[in-house]
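Results of the structural survey
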Amino acid sequence: MRVACIGECMVELSERPDGNLVRGFGGDTLNTALYLARLGVAVDYVTALGDDIWSDEMAAAWGREGIGLERVRRLQGRMPGLYIIRTDADGERSFHYWRDRAAARDLFTEPGAAETEAELERYDLVYLSGISLSLYGETGRAALFETLARLRDRGGRVAFDTNYRPRGWPDRDEAWAAFRAALALADVIFASAEDLDWLFGAAGEDEVLRHRGRAEIVLKTSGASGPVARVLHGPADTAVPAGRAGRVVDTTAAGDSFAAGYLAARIAGLAPEAAAAEAHRLAGAVIGHRGAVIPRDAMPAPAARPPGPGA
């Protein structure tokens, strides 16, 4: 199975308790791609980078993780975006961005876009997020949606994570239109109650559940004992609790790793409910460490491994 993740990776500056900054790289769909690769999924990252030293370092790091680089475009004279993470005493994080001229924003408009679109149509599964949608502007999103529609006509599937960040959008109406279009194209939907409330208000859950029966839906909510994944597929509607969590150090990439754990388990043949349990297990390990990417030896062993490339 060929899997692609679409989005942006930025230079990450993480603020430590003493105020010092540690440099790394991060982005929501890049985090998902990395964890998919670690779980044995053959995955390519689809983005644009600049021709600077930080772009070189990013691509090299992705390659070391086993992420495919063939769909990474390099734009002359451009650079990646930058963001700073601040984490409070409870492990909750806030993000501050400098990304208006990031190379990834022109993936579907700069020369080479037609080639990217043609290659995307050949994947078996394409994963993107609400943050991915916020990058491209109306023209770029239209090209992306047309590409995803052709992919689905060919028999491919689309996975969409709502992951809404208000600051990435010029206004809410534009975000509404983009999210509704993405939800209508998605075969697998990851949604959090928090994202839906921020974007759609009280009608948020209905916006997702109208796709029930057509799409596989994982709706993440907070229960009395911690996170709960409500898994809806066909007539089934099952609540899968996360279980007892260890110490929460940093919630960065909790949702990104959850999506990776779920998709990898489904590709490996597990049922949706079992896949949600695997996703909780991976996300639980991730939030016990600082930063988006945990050490390899902290990765929980998957219950099943996806088939190799070409299977």
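Residues numbered from 1 in each chain as written. Predicted model: local features only at pLDDT ≥ 70, side-chain atom pairs only at ≥ 80, totals over all residues. Heavy atoms only, no water.

**Side note on helix H9 (residues 272–286)**
- Taking 1.5 Å per residue, 15 residues should reach 21 Å; H9 reaches 21 Å between its end C-alpha atoms and fits that length.
- For H9, every residue scored as buried is listed here: Pro272, Ala275, Ala276, Glu278, Ala279, His280, Leu282, Ala283, Ala285 and Val286.
- Considering only its buried residues, H9 is in contact with helix H1 (28–38), strand E11 (216–223), strand E12 (226–233), strand E13 (236–241) and helix H8 (254–267). (Helix = DSSP H or I, 4+ residues; strand = E, 2+ residues; numbered from the N terminus. Expected span 1.5 Å × (residues − 1). Buried < 20%, exposed > 50% of the residue type's maximum accessible area, 1.4 Å probe, protein only. Contact = heavy atoms within 4.5 Å.)

**With respect to the environment of Ala301**
- By the element assignment, Ala301 lies in the segment after H9.
- With a relative accessible area of 57%, Ala301 lands in the exposed category.
- For the pair Ala301 and Leu39, spaced 262 residues apart in sequence, the C-alpha separation works out to 8.5 Å.
- When sequence neighbours within four positions are dropped, the list of residues in contact with Ala301 reads Glu278 and Arg281.

**Side note on the sheet that holds E11**
- Taken in spatial order, the 9 strands make up an open sheet running E5-E4-E1-E8-E9-E10-E11-E12-E13, and their pairing is mixed. The strands lining the two open edges of the sheet, one partner per strand, are strand E5 (72–74) and E13. Here the strands of the sheet are splayed against their neighbours by 20° on average, with no regard to which way each runs.
- Note: strand E8 (residues 125–129) against strand E9 (residues 157–161), 5 bridges, orientation parallel. Its bridge partner being in E9, Leu125 is matched across the sheet by Arg157. (Pairing = 2+ DSSP bridges. Axes fitted to C-alpha atoms, helices over the stretch in contact; angles between N-to-C directions.)

**As for helix H2 (residues 53–64)**
- The end-to-end C-alpha distance of H2, which contains 12 residues, comes to 17 Å, matching closely the 16 Å that a straight helix rising 1.5 Å per residue would cover.
- Three or more residues of H2 are buried, namely Ser55, Met58, Ala59 and Trp62. Buried residues along H2 cover an arc of 90° about the axis, so they all sit on one side. Across from the buried face of H2, at angles greater than 90 degrees, the exposed residues are Ile53 and Arg64.
- A distance of 3.1 Å separates the backbone nitrogen of Trp54 from a side-chain oxygen at the start of H2, and that oxygen is part of Asp52.
- With its phi angle positive at about 90°, Gly66 sits one or two positions after the end of H2. (Arc of directions from axis to C-beta. Polar contact = N/O pair within 3.5 Å; in protein donor to acceptor, adjacent residues only side chain to side chain.)

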